[in-house]
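Given next are the chains, with one letter for each unit.
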Amino acid sequence: MSDALRRVLDAVAPRGDGLKKSGSGWSARCPAHEDRQASLSIGEGQDGRVLLKCHAGCDHKAILAALRLEERELFEADATRPAAATKPAGRAYATAGEARQSYERTLGEPTASWEYELNGELVGLVLRWDRPDGKKDIRPHQPPR
Ligand SMILES: [Zn+2]
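Now for a quick tour of the structure.

When you go through the protein residue by residue, the secondary structure sums to four helices and seven strands. Scanning the protein from its N terminus toward the C terminus, one meets helices and strands in the order α-β-β-β-β-α-α-α-β-β-β. The contacts of the protein with a sequence gap of at least 6 include a subset with a gap of at least 24, amounting to 39%.

Direction of pairing for strand β5 (residues 112–118) relative to strand β6 (residues 121–130): antiparallel, over a ladder of seven bridges. Across the sheet, residue Tyr116 finds its bridge partner in β6, namely Gly124. Count of turn residues in the β5/β6 antiparallel hairpin: two residues, of which Asn119 carries a positive phi of about 55°. Sheet topology places β6 next to strand β7 (residues 136–141); six bridges connect them, and they run antiparallel. From the neighbouring strand, Leu125 faces β7, where its bridge partner is His141.

On to the sheet that holds β6. Taken together, three strands build an open sheet; the order of strands is β5-β6-β7 and the sheet is antiparallel. Every other strand in the sheet has two partners, leaving β5 and β7 as the edge strands with one partner each. Going across the sheet, the axis of each strand differs from the next one's by a mean of 10°, ignoring polarity. The sheet contacts of helix α4 (residues 96–107) involve β6 and β7, and relative to β6 the element is tilted by about 15°.

Here the focus is the pairing of strand β4 (residues 50–54). Residues of β4 alternate between two faces, with Val50, Leu52 and Cys54 buried on one and Leu51 and Lys53 left unburied on the opposite face. With five bridges connecting them, strand β3 (residues 40–44) and β4 associate as antiparallel partners. Opposite Ile42, over in β4, you have Leu52 as the bridge partner. Linkage of β3 to β4, two consecutive antiparallel strands, is achieved through a turn of five residues, within which Gly48 is found at a positive phi near 90°.

Judged by nonpolar contacts, the single largest core of 17 residues is most densely connected at Val8, Leu40, Ile42, Val50 and Ile63. Of all elements in the fold, only α1 (3–15), β2 (25–28), β3, β4 and α2 (60–67) reach the threshold of two or more residues within this core. Considering every element that reaches this core, the biggest residue donor is α1, with four residues. If we ignore the near neighbours within four places in the chain, the residues touching Val8 are Ile42, Val50, Leu69 and Leu74. The next biggest cluster of nonpolar side chains, apart from the first, holds five residues, and it includes Ala96, Ala99, Tyr103 and Leu127.

About the cut-offs
- Residues numbered from 1 in each chain as written.
- Predicted model: local features only at pLDDT ≥ 70, side-chain atom pairs only at ≥ 80, totals over all residues.
- Helix = DSSP H or I, 4+ residues; strand = E, 2+ residues; numbered from the N terminus.
- Contact = placed C-beta atoms within 7 Å.
- Pairing = 2+ DSSP bridges.
- Axes fitted to C-alpha atoms, helices over the stretch in contact; angles between N-to-C directions.
- Buried ≥ 20, exposed ≤ 12 C-beta atoms within 10 Å, placed from the backbone.
- Core = buried A, V, L, I, M, F, W, Y, C linked by C-beta atoms within 7 Å.

That is the geometry; function is a separate question.
Here's what the structure looks like:
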């Protein structure tokens, strides 16, 4: 069973009453409408993508919304990993000074900044800009290890 299929079944199980194996896939009560039969079928496509179909005709998006799943979660094996683990936040700058210069070029002089040193070496930098609309922009920087 793929990660994606497991994720979908985990999402269906508490809502879609009557989850059961059906042929090569699974069936359950559809979470997107008042379902008295097991109208939702769940299968696995050739490419590993999870296929969801409500035989009462519910919209694919409505089923996903009812399951609190996103489209990409139907096929990405690693969608449950936190985004931070797969995508580094922002660009990687070689040094904190370089990061600061680059941010100042686009965002202007920061309202506040915090520098973290370890053994006399600058190891981290957090810059904050208070925007006129009351929101804050925060840019943390850590030199690549
Ligand atoms: Zn339905």
